[in-house]
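Spelled out from the first residue to the last, the chains are:
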Amino acid sequence: MKHILGPNSKSTLTNVKEGDSQPNAVDLRLDKVFKIKEDVFTISNEEKKHRGTEYELRPNSEGYYFLEPGHYEVVMENIINVGEGDAGFVITRSTLNRNGCFLTSGLYDSGYHGVMAAVLHVCIGPARIKKGTRIGQYLCFDAEALKMYDGDYGINKQHDKKYGA
């Protein structure tokens with residue numbers, strides 16, 4: 001593993017604020033929350049039909065999202081550009097984990113450039129999370145890439161346009 005802000009990383013991350021750099025990772029802050037639809041999700045080698053989202057939740061006047069138990073698509077404040085020879089993933093900050101909330105996210109491949117998103121699982125009871133709160137951490141590691149990312153997500157891809165990327 002290596003630090004994305006360290007001298008050996010070829011990756012970059014936007015909107016890193018003072019206090020976000022931890023000993024082994026960088027904290028990611030909550031930007032947007034979407035309610036995931038309960039539609040049928042379809043995937044095969046030939047097609048992919050996302051559930052999509054019903055709507056974007058808005059924080060209250062104090063800046064808090066009030067989240068009932070369920071599953072939410074969350075978008076971080078950061079844009080990542082994963083350099084050649086790097087890859088990474090997002091883990092949940094321990095305070096959320098200890099309170100029955102956790103993030104799941106896929107691998108960030110070498111060459112991916114775009115928003116950072118995950119599913120936030122609120123499992124025990126309701127949660128109040130303020131916009132801009134550090135909810136995840138990005139872990140970066142050396143990766144032998146046979147080719148650079150060329151998938152459906154990232155800057156200028158249709159899927160990420162709903163996030164303003």
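You'll find the structure just up there.
Since the structure is predicted, the reported quantities are computational estimates derived from the model, not experimental observations. (Residues numbered from 1 in each chain as written. Predicted model: local features only at pLDDT ≥ 70, side-chain atom pairs only at ≥ 80, totals over all residues. Heavy atoms only, no water.)

Colleague: Even after reading the chapter, I still don't get unusual backbone geometry, so can you show me in this structure?
Modeller: Most peptide bonds take the trans configuration, and most residues that are not glycine carry a negative phi. Non-glycine residue Asn15 carries a positive phi angle of around 60 degrees. By the element assignment, Asn15 lies in the loop between strand 1 (12-13) and strand 2 (26-36). (Helix = DSSP H or I, 4+ residues; strand = E, 2+ residues; numbered from the N terminus.)

Colleague: Just checking my understanding: could you explain the packing of aromatic side chains for this structure?
Modeller: The description of an aromatic ring pair rests on the distance of the ring centres and on the angle between the ring planes. Summed over all chains, the structure comprises four aromatic pairs. Both rings, one in Tyr112 and one in Tyr149, keep their centres 5.3 Å apart while their planes meet at 85 degrees; by these two values the pair is edge-to-face. Of the two residues, Tyr112 is situated in the loop between strand 9 (101-104) and strand 10 (113-122) and Tyr149 in the segment after strand 12 (134-142); the sequence distance between them amounts to 37 residues. Taken together, the ring pairs in this structure connect Tyr108, Tyr112, Tyr138 and Tyr149 into an aromatic cluster. Taking NZ or CZ as reference, Arg128 lies 4.0 Å from the ring centre of Tyr64, over its face. (Phe/Tyr/Trp six-rings, centres within 6.5 Å; stacked < 30°, edge-to-face > 60°. Lys NZ or Arg CZ within 6 Å of the ring centre and 35° of its normal.)

Colleague: When you look at the side chain of His121 in this model, what are you seeing that I'm missing?
Modeller: Residue position: His121 is located in strand 10. A relative accessible area of 13% means that His121 is categorised as buried. At a separation of 2.8 Å, a polar atom in the side chain of His121 contacts the side chain of His71. (Buried < 20%, exposed > 50% of the residue type's maximum accessible area, 1.4 Å probe, protein only. Polar contact = N/O pair within 3.5 Å; in protein donor to acceptor, adjacent residues only side chain to side chain.)

Colleague: Sorry, what's going on with the pattern of salt bridges here?
Modeller: Where side chains of opposite charge bring their charged atoms close, a pairing between them can arise. Applying the stated criterion across every chain, the model contains nine salt bridges. Lys131 is paired through a salt bridge with Asp31; the nearest N and O atoms lie 3.1 Å apart. On the criterion of sequence distance, the pair formed by Lys131 in the loop between strand 11 (127-130) and strand 12 and Asp31 in strand 2 is long-range, its members being 100 residues apart. A relative accessible area of 41% places Lys131 in the partly exposed class. Between Arg58 and Glu56 there is a salt bridge, and its shortest N-O distance comes to 3.2 Å. (Salt bridge = Lys/Arg side-chain N within 4 Å of Asp/Glu carboxyl O.)

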